[in-house]
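One letter stands for each residue in the lines below.
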Amino acid sequence: MDQEHAAPHHERILIVDFGSQVTQLIARRLREDGIYCEIHPYTKVDHAFVQDYGPKGIILSGGPNSVTSADRPNVQGLLHFGTPVLGICYGQQVMVAELGGDVEVSGEREFGRADVSAKASSALFDGVWEEGSAYQVWMSHGDRVVSLPEGFTTIGVSENAPYAAIADESRHFYGVQFHPEVVHTLDGAKLLSNFTRKICGLSGDWTMAAFREEMIGKIRAQVGDGKVICGLSGGVDSSVAAVLLHEAIGDQLTCVFVDTGLMRHNEGREVVDLFRGNYNIPLIHVEAEDLFLGELEGVSDPEKKRKIIGRLFVEIFEKEAKKVEGARFLAQGTLYPDVIESVSATGGPSVTIKSHHNVGGLPERMGLDLVEPLRELFKDEVRALGREIGLPDVFVSRHPFPGPGLAIRLPGEITKESADLLRKADKIYLDAIREEGLYDEIWQAFSVLLPVRTVGVMGDARTYDRVLALRAVTSTDGMTADTYPFTHDFLSRVSTKIINNCQGIGRVVYDITSKPPGTIEWE
């Protein structure tokens, strides 16, 4: 990420990414504790970068590489700034190797839960782990440290990692073989807080109130007297971005809301009422249901659906945006995970599981500059910002909704009748979840109307109706997910209500597939 550092007035931690699948979780744990941090791939971090960034501490992430390989990623002199350093998993190993210790491929690997015994007192353990006691952590490593550099001592051991935690207290260097950022390390967040607050001396000045004030100033400085166009979907990200932009530049902002006819129940009206009514934000509302459903007629391949919807959205958005005289900027609800994932630790491409629906390509086509007021934030921070700026909770806490909308919750061919039927059933399901007080416990809940018919009996008549699949998952970031454990009684009641009220649905099933191996959405 060759970007200007986002928060120059905040104390900051630099997270050097070596390619771990959970590096984002390090940043999330720190942000939750009020510590500003950024993730940058090791390929971009050199001496000049660190001097410019000015971190109060450095965290070296885990990664898939072996320190024993000849072409291993290294720390490129990051240990010689006089700055506290915490190495996690691969980060610990590469720090040890750089400073003169030894690492080898272990015949006894550790993956999953393990117990680490605290063998000595340390600033890293202060007030969290006591010497002589054992604590649950999460391990994921094949290599292990076998000898320490000069100045280091062992402060924690596990069954297969004799140097599970190490420290050079005088230089403020620390290394752990386990992953404190994952929830399975029960005290992991507290250990990270010890590093940032007690060892690095940060006070924790990262708040949404401060971010709001700073970002308003940045938006005004970037935009000046120019006009901004914002694509509004009604989701959390675009809603928060739009309100923040309007607070900063007022009527210089125009929002474009393209109603595809594939929204949730009454969602289009709610979006228009909120932004045009409550906030008085200039809003172009394009009702395009007939166009989208017409183009999707007869299409069943999910990738083709996405491409059609994306193309139509871009065409409509571009046409409407051109009507805004003097528009110079395009606003997007890009989040920090999008920024991180756009640059892998090795610089290589990521595998496309399924294409994403957004306004990509519009800035180049229209000659507009991008305004991305949320690009420093994780999803939970966007929700916190939404509450800070006064968005109604019904918008702030709304479950994620895919860009292509109900099109990817209708496997097979899409018709207006099937979309309306799915909307009705989905509302019954979500209303039931809210009535049980479960909505905020669930990351995402939705219904999928399958292109399958099954035999049933209603009264004395035979039926041959559609199957509806219910889905609900818990997650912290959407990268992994577990099915929500509804009671059998709840699912039975919801099923009965849907079948009784949604003519055309004769069977209801519950999807219990985790991610991985499944994805959260069905298409």
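Residues numbered from 1 in each chain as written. Predicted model: local features only at pLDDT ≥ 70, side-chain atom pairs only at ≥ 80, totals over all residues. Heavy atoms only, no water.

Undergrad: Would you explain the overall build of the protein chain in this entry?
TA: The helix and strand inventory of the protein chain stands at 15 helices and 18 strands. In terms of overall size, the protein chain behaves like a compact globule, its C-alpha atoms giving a radius of gyration of 26 Å where 523 residues would be expected to give roughly 24 Å. Carbon and sulfur atoms make up 48% of the accessible area of the protein chain, which totals about 22500 Å². Side-chain charges in the protein chain split into 52 positive and 75 negative, and the spacing between the mean points of these groups amounts to 6 Å. (Helix = DSSP H or I, 4+ residues; strand = E, 2+ residues; numbered from the N terminus. Rg over C-alpha atoms; globule rule 2.2 N^0.38 Å. Areas by Shrake-Rupley, 256 points an atom, 1.4 Å probe, with all protein chains shown as cover. Lys, Arg positive; Asp, Glu negative; His and termini not counted. Charge placed at Lys NZ, Arg CZ, Asp CG, Glu CD.)

Undergrad: Would you explain the environment of Gly386 in this entry?
TA: Its place among the elements puts Gly386 in helix α12 (residues 379–388). Along the chain, Gly386 and Ala419 lie 33 residues apart, while their C-alpha atoms are 30 Å from each other. Once residues lying within four places of it in the same chain are set aside, the contact partners of Gly386 are Val240, Leu391 and Val396. (Contact = heavy atoms within 4.5 Å.)

Undergrad: For this particular structure, what's the right way to read the sheet that holds strand β14 (residues 369–371)?
TA: Each strand in a sheet pairs with its neighbour through backbone hydrogen bonds, running either in the same direction (parallel) or in the opposite one (antiparallel). Pairing in this open sheet of five strands is parallel, and the strands run β12-β11-β10-β13-β14 from one edge to the other. The sheet is open, and its two borders are formed by β12 (283–287) and β14, each paired with just one other strand. With strand direction ignored, the average angle separating the axes of adjacent strands in the sheet is 30°. With three bridges joining them, strand β13 (residues 327–331) and β14 adopt parallel strand pairing. The residue bridging Ala331 from the neighbouring strand is Val371, located in β14. In the packing of helix α6 (residues 236–249) onto the sheet, the strands contacted are β10 (227–231), β11 (253–259), β13 and β14, and the crossing angle to β11 comes to about 160°. (Pairing = 2+ DSSP bridges. Axes fitted to C-alpha atoms, helices over the stretch in contact; angles between N-to-C directions.)

Undergrad: It is not clear to me how unusual backbone geometry should be interpreted in this structure. Could you clarify?
TA: Leaving glycine aside, a negative phi is the common case for residues, and trans is the common case for peptide bonds. Note the cis peptide between Lys515 and Pro516, where omega equals -15°. Along the chain, the position of Pro516 falls in the segment after β18 (505–510). Put simply, Pro516 and Pro517 share a cis peptide bond, and its omega is 15°. Tracing the sequence through the fold places Pro517 in the segment after β18. Even without glycine at this site, Asn280 takes up a positive phi of about 55°.

Undergrad: Quick question: what am I supposed to make of the packing of aromatic side chains here?
TA: Centre distance and the angle of the planes are the two values used to describe a pair of aromatic rings. By the definition in use, this model includes 16 aromatic pairs. Looking at Arg434, its charged tip hangs above the ring of Tyr439, at a distance of 4.3 Å from the centre. (Phe/Tyr/Trp six-rings, centres within 6.5 Å; stacked < 30°, edge-to-face > 60°. Lys NZ or Arg CZ within 6 Å of the ring centre and 35° of its normal.)

Undergrad: Would you explain the nonpolar core in this entry?
TA: For soluble globular proteins, the rule of thumb is that nonpolar side chains tend to be buried together. By size, the foremost hydrophobic cluster in this structure holds 52 residues, and its most contacted members are Ile433, Leu468, Phe486, Ile498 and Ile505. In terms of residue count, helix α14 (residues 416–435) provides more of this core than any other element does, nine residues in total. Residues contacting Leu468, with those up to four places away along its chain left out, are Leu422, Ala425, Ser447, Val448, Leu449, Ile498, Ile505, Arg507, Val508 and Val509. Counting residues in hydrophobic clusters, the runner-up holds 42 residues, among them Phe211, Val271, Val272 and Val371. (Core = buried A, V, L, I, M, F, W, Y, C linked by side-chain atoms within 4.5 Å. Buried < 20%, exposed > 50% of the residue type's maximum accessible area, 1.4 Å probe, protein only.)

Undergrad: What exactly am I supposed to notice about the side chain of His179 here?
TA: Along the polypeptide, His179 turns up in the loop between β9 (173–176) and α4 (188–199). Once residues lying within four places of it in the same chain are set aside, the contact partners of His179 are Ser20, Val22, Gly62, Ile88, Cys89, Trp138, Ser140 and Thr185.

Undergrad: What am I meant to see in α14 here?
TA: What sets the pattern is the α-helix's 3.6 residues per turn: residues three or four places apart point alike. In this model, α14 (20 residues) spans 28 Å end to end at C-alpha, consistent with the 28 Å of a helix rising 1.5 Å per residue. Listed in full, the buried residues belonging to α14 are Ser418, Ala419, Leu421, Leu422, Arg423, Ala425, Asp426, Ile428, Tyr429, Leu430, Ala432 and Ile433. Where the residues of α14 are buried, they touch α8 (289–296), β15 (444–458), β16 (461–474), α15 (488–501) and β18. Gly437 sits one or two positions beyond α14 and adopts a positive phi of about 75°. (Expected span 1.5 Å × (residues − 1).)

Undergrad: Explanation requested: the pattern of salt bridges in the structure shown.
TA: Pairs can form between side chains of opposite charge whenever their charged atoms are close. According to the stated counting rule, one finds 32 salt bridges in the structure shown. Here Arg212 and Glu388 are joined by a salt bridge, their closest N and O atoms 3.5 Å apart. Placement of Arg212 in helix α5 (residues 208–223) and of Glu388 in helix α12 is noted, with a sequence separation of 176 residues between them. Residue Glu388 is classed as partly exposed on the basis of its relative accessible area of 34%. For Arg311, the salt bridge goes to Glu315, with nearest N and O atoms at 3.4 Å. With Arg311 and Glu315 both in helix α9 (residues 302–321) and four residues apart, this pair spans about one turn of that helix. (Salt bridge = Lys/Arg side-chain N within 4 Å of Asp/Glu carboxyl O.)

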